Amino acid sequence: MMAPIRLAQEVIDSIIDYLHGDVKSLSNCALVSRSWTPRAQHNIFAEVTLPFRSDGIPTARFTRIQGIVQQHPEIALMPRRVRIVASEEVADRVVIGLDSFAPQWDASYASSAVQLFPKIRQVAVVDLACQSLPDLAESIIAAVPAVAALIFDSVHFSDAHPEPVWTPPQNPVTLTVNEAVAHRPASLRKLTIRNLQARHGVAQCESFALAESLARRGELSSLVSLELLSGPGVTQTWLPFLPSIGRQLQHCAIAINDVVRDDVGFYRNLTIEHLREKIIEFYNALLACPNLRSLGIKYDGVPSYAEGLADAYEDPAITPQISPFFLQALSTLLSRAEVPFPELETLAFDIFSTVEGLALCGDAWTALRDILCARERYPRFRHLRVELEEMGSGYGPWRELQAVRSRNADARAGLLRAQLRMFEESGITVSVATRDSQYWMM
């Protein structure tokens with residue numbers, strides 16, 4: 001009879017790590033052996049979700065988590081990522097809209113929540129009503145000075161009456177660190193702002209105030225990843241800071257747009273020429289980031305069905321046009337005589353359109369491929385990622401487009417991959433994904 005094979009603990013730990021995210025299986029592993037328990041618990045508690053009511057009152061689930069941490073202090077040291085979210089329980093929810101907001105969540109609630117876990121490195125705040133974005137960020141950083149990543153996703157703000165108007169500074173912003181925090185090493189490496197839920201002026205003012213606050217605290221000096229995925233108005237508020245932080249950025253993602261509704265949009269009362277000038281302005285601002293390894297472009301508004309977009313403009317003189325201009329302008333940037341991003345490895349697009357709309361960009365995709373696959377200019381470029389949020393599958397004037405609604409995700413992805421085959425033929429790894437439209441037009 002053969003003796004039982006004993007695996008080294010390192011091997012067992014590696015096997016358990018493969019179950020990351022499968023809480024049920026990890027819980028079973030924790031019961032197998034005392035030697036399995038620490039690694040299983042490490043994976044179970046690597047990310048913790050803390051649900052709150054919108055008025056800041058802890059939910060029953062949050063209270064249970066507090067109890068577990070108090071009974072088992074060693075668990076408090078395990079989480080590396082914390083998500084602070086609005087409760088999904090009906091009793092805890094309040095309908096939130098642009099004109100009627102729930103009671104606002106005070107920044108001190110975030111501080112008390114993250115203090116439970118002193119070793120966390122990433123904090124995400126999702127779908128909560130907030131009084132002040134910079135106050136929220138400062139409370140988190142004060143509670144966990146070693147936090148390396150902040151994510152603000154679908155954070156809501158009350159309307160201000162009258163709506164504030166953000167005025168861009170005349171000159172690039174110079175980073176001046178407050179003496180009170182100058183002695184503390186900066187730890188923030190990643191900042192993501194996604195889908196701020198507020199009127200245009202409010203979102204811009206909150207975004208710029210956040211940038212100024214982080215600059216004063218010295219946190220921008222360590223930033224290597226900046227994702228601005230909340231409309232072009234928010235992107236614009238960070239452009240004055242790029243000359244100061246651009247050289248350290250390795251990843252940047254921005255939102256651009258040239259077709260937008262008048263009541264939530266950035267480009268109001270502008271001509272087509274002005275719209276395109278803004279896209280060029282945003283792209284040119286990226287020249288301050290020569291060490292980018294990955295670049296993300298979130299583009300909302302390729303109008304693949306012009307007749308359905310006639311009401312998307314405030315100025316009736318602007319007619320909807322089918323144009324791949326956002327790709328053409330990017331190709332112009334990338335083909336500059338002095339290579340703007342010689343370390344570029346990955347280019348990612350998140351596009352609001354239809355498969356048919358992107359098919360109209362065939363020549364623009366080809367031109368982009370020719371530029372990026374020139375190995376003497378972009379020797380490291382290897383990955384293209386395209387995610388499509390398809391018009392017509394959700395709300396808005398595209399809901400009657402039966403050809404779109406009848407497609408499932410696999411059919412969309414197949415059609416999209418066929419359009420990008422030219423990149424694969426050139427040795428580029430292509431990743432595609434699609435999702436249904438969830439918005440009218442943001």
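Quick caveat, the model's predicted, so the values are computed rather than measured.

Reading the values: rules and limits
Residues numbered from 1 in each chain as written. Predicted model: local features only at pLDDT ≥ 70, side-chain atom pairs only at ≥ 80, totals over all residues. Heavy atoms only, no water. Helix = DSSP H or I, 4+ residues; strand = E, 2+ residues; numbered from the N terminus. Axes fitted to C-alpha atoms, helices over the stretch in contact; angles between N-to-C directions. Parallel < 35°, antiparallel > 145°, perpendicular 65-115°, else oblique. Left-handed = near helix turned anticlockwise from the far one by under 90°. Contact = heavy atoms within 4.5 Å. 1 Å grid on protein atoms, 1.4 Å probe; cavity = no way out; pocket = protein on both sides within 12 Å on 5 of 7 lines; lining within 4 Å. Points joined across faces, edges and corners; volume = space filled by probe spheres on them. Nonpolar A, V, L, I, M, F, W, Y, C, P; charged D, E, K, R; others polar. Domains from an automatic or database assignment. Expected span 1.5 Å × (residues − 1). Buried < 20%, exposed > 50% of the residue type's maximum accessible area, 1.4 Å probe, protein only. Patch = residues over 30% accessible without salt bridge, like charges linked within 9 Å, V, L, I, M, F, W, Y side chains within 5 Å. Areas by Shrake-Rupley, 256 points an atom, 1.4 Å probe, with all protein chains shown as cover. Salt bridge = Lys/Arg side-chain N within 4 Å of Asp/Glu carboxyl O. pLDDT = per-residue confidence, 0-100.

## Regarding unusual backbone geometry
Phi is positive for Asp127, which is not a glycine, with a value near 60 degrees. As for its position among the elements, Asp127 is in the loop between strand 3 (122–126) and helix 6 (133–143). Phi at Asn195 takes a positive value of approximately 55 degrees, unusual for a residue other than glycine. One can find Asn195 in the loop between strand 5 (190–194) and helix 7 (200–216).

## Structural notes on the packing of helix 2 (residues 23–30) against helix 3 (residues 37–44)
With their axes 8 Å apart at the nearest point, helix 2 and helix 3 run at an angle of 155 degrees to one another. Overall, the two elements helix 2 and helix 3 adopt an arrangement that is roughly antiparallel. Judged by the twist between their axes, the crossing of helix 2 over helix 3 is left-handed. Two secondary-structure elements touch here, helix 2 through Val23, Leu26, Ser27, Cys29 and Ala30 and helix 3 through Thr37, Ala40, Asn43 and Ile44.

## Quick look at the layout of surface pockets
Size it by volume and the second largest pocket reaches roughly 330 Å³. Lining of the second largest pocket is provided by 19 residues; of these, Ile44, Phe45, Glu47, Val48 and Arg61 occupy positions nearest its centre. For the lining of the second largest pocket, the secondary structure elements donating two or more residues are helix 2, helix 3, strand 1 (47–52) and helix 4 (60–71). Element by element, the count of residues in the lining of the second largest pocket is highest for helix 4, at five residues. Taken together, the residues of the lining of the second largest pocket sort by class into eleven nonpolar, four polar and four charged. Counting residues domain by domain, the lining of the second largest pocket receives three or more from each of domain 1 (14–45) and domain 2 (46–159 + 185–223).

## Examining helix 7
One turn of an α-helix holds 3.6 residues; hence residues three or four places apart share an orientation. With 17 residues, helix 7 extends 25 Å between its outermost C-alpha atoms, agreeing within 8% with the 24 Å of an ideal straight helix rising 1.5 Å per residue. Counting buried residues in helix 7 gives 13 out of 17 residues, a clear majority hidden from the surface. Where helix 7 terminates, the next one or two residues include Gly218, which has phi positive at roughly 80 degrees.

## Here's the deal with a nonpolar patch on the surface
A contiguous nonpolar surface patch, about 400 Å² in accessible area, is contributed by Ile5, Leu7, Val11 and Ile15. Inspection of the secondary structure puts Ile15 in helix 1 (residues 9–17). Taking relative accessible area as the criterion, Ile15 reaches 48% and is therefore assigned partly exposed.

## What to know about the confidence of the model for the protein
Averaged over every residue, the pLDDT of the protein is 79; the share at 70 or more is 76%. Taken together, the stretch residues 90–103 has pLDDT below 50 and engages in 30 contacts with residues farther than four places along the chain or on a different chain. Here residues 260–267 is modelled with pLDDT under 50, and outside its nearest four sequence neighbours on either side it reaches 28 contacts, counting other chains as well.

## Quick notes on the pattern of salt bridges
Oppositely charged side chains can pair when the atoms bearing their charge come close. If you walk through the whole model with that rule in mind, you get ten salt bridges. With a closest N to O distance of 3.3 Å, Lys278 and Glu281 form a salt bridge. In this pair, Lys278 and Glu281 both sit in helix 10 (residues 272–285), three residues apart, roughly one turn of the helix. Judged by its relative accessible area of 23%, Lys278 falls in the partly exposed class. A network of salt bridges, in which partner residues are shared, links Asp350, Glu387, Glu389 and Arg435.

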